[in-house]
Amino acid sequence: SATGGADKAGTKPTVTTHGQGIAAIAVAESKVPAGAGKSTSATIEALPKVNINGASASELRTALGTILSFERSGVRYVLAGSVTPAAIEALARGL
């Protein structure tokens, strides 16, 4: 499924789900405006880092699930789900 809302650049991010039920992972993708540079906050930068195909990703691991955020080739990705970090990372590497 896909939904969206306006971002600062006036484009709409794409939101898709992968999997079903409690194991589903939501993926939001949005274009990074040209010349925008890194727009992540200090809070996100303070999170542990993982490597996703050469991109540095910030990862929040909790008992309830995982959130992963990274930028690659002008696209910002945010993945979230009630799944293990390994499941989120595997899906991110396939994007």
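Owing to the predicted nature of the structure, the values given are computational and were not obtained by experimental measurement.

### Quick word on the overall build of the protein chain
- Scanning the protein chain from terminus to terminus reveals two helices and six strands.
- In the protein chain, the succession of α and β elements from N to C terminus is β-β-α-β-β-β-β-α.
- Relative to all contacts within the protein chain whose residues are 6 or more apart in sequence, the contacts with residues 24 or more apart total 35%.
- Surface accessibility of the protein chain: about 5700 Å² in total, with carbon and sulfur atoms responsible for 60%.

### Observations concerning the environment of Val50
- Residue placement: Val50 occurs in strand E3 (residues 49-52).
- Separated by 39 residues in the primary sequence, Val50 and Glu89 place their C-alpha atoms 8.4 Å from one another.

### So, the packing of aromatic side chains
- Considering all chains together, one arrives at one aromatic pair under this definition.
- Seen from their ring centres, Phe70 and Tyr77 are 4.9 Å apart, and the 20° between their planes marks the pair as stacked.
- The buried category is assigned to Phe70, whose relative accessible area is 2%.
- Of the residues examined, Tyr77 reaches a relative accessible area of 9% and is grouped as buried.

### A few points about the pairing of strand E4 (residues 55-61)
- Sheet analysis places E3 next to E4, joined by four bridges and oriented antiparallel. By the bridge assignment for E4, Asn51 is matched with Ser56.
- Two successive antiparallel strands, E3 and E4, enclose a turn made up of two residues, where Asn53 displays a positive phi of approximately 50°.
- Bridge analysis of E4 against strand E5 (residues 66-72) gives four bridges, and the strand direction is antiparallel. By the bridge assignment for E5, Leu60 is matched with Ile67.
- Where E4 folds back on E5, the antiparallel hairpin that results is connected by four residues.

### A closer look at the nonpolar core
- Counting residues in each nonpolar core, the largest one holds 15 residues, and the members touching the most others are Ile25, Ile52, Leu68, Phe70 and Leu79.
- Aside from chain neighbours lying at most four places away, what touches Leu79 is Ile25, Ala26, Val27, Thr66, Ile67, Leu68, Phe70, Ile88, Leu91, Ala92 and Leu95.

### Re the side chain of Glu59
- Mapped onto the elements, Glu59 comes out in strand E4.
- A residue is classified by how much of its surface remains accessible, and Glu59, at 2% relative accessible area, is buried.
- Here the side chain of Glu59 touches Arg61 through a polar contact of 2.7 Å, side chain to side chain.
- Excluding its chain neighbours within four sequence positions, the residues that come into contact with Glu59 are Leu47, Pro48, Val50, Thr66, Ile67, Leu68, Pro85 and Glu89.

### What about a nonpolar patch on the surface?
- A cluster of nonpolar side chains, namely Leu60, Ile67 and Val78, defines an oily patch on the protein surface of about 210 Å² accessible area.
- Within the secondary structure layout, Ile67 lies in strand E5.
- Judged by relative accessible area, Ile67 falls into the partly exposed class, the value being 39%.

Thresholds applied
- Residues numbered from 1 in each chain as written.
- Predicted model: local features only at pLDDT ≥ 70, side-chain atom pairs only at ≥ 80, totals over all residues.
- Heavy atoms only, no water.
- Helix = DSSP H or I, 4+ residues; strand = E, 2+ residues; numbered from the N terminus.
- Contact = heavy atoms within 4.5 Å.
- Areas by Shrake-Rupley, 256 points an atom, 1.4 Å probe, with all protein chains shown as cover.
- Phe/Tyr/Trp six-rings, centres within 6.5 Å; stacked < 30°, edge-to-face > 60°.
- Buried < 20%, exposed > 50% of the residue type's maximum accessible area, 1.4 Å probe, protein only.
- Pairing = 2+ DSSP bridges.
- Core = buried A, V, L, I, M, F, W, Y, C linked by side-chain atoms within 4.5 Å.
- Polar contact = N/O pair within 3.5 Å; in protein donor to acceptor, adjacent residues only side chain to side chain.
- Patch = residues over 30% accessible without salt bridge, like charges linked within 9 Å, V, L, I, M, F, W, Y side chains within 5 Å.
- Salt bridge = Lys/Arg side-chain N within 4 Å of Asp/Glu carboxyl O.

Geometric descriptors of this kind do not, in isolation, establish any biological role.
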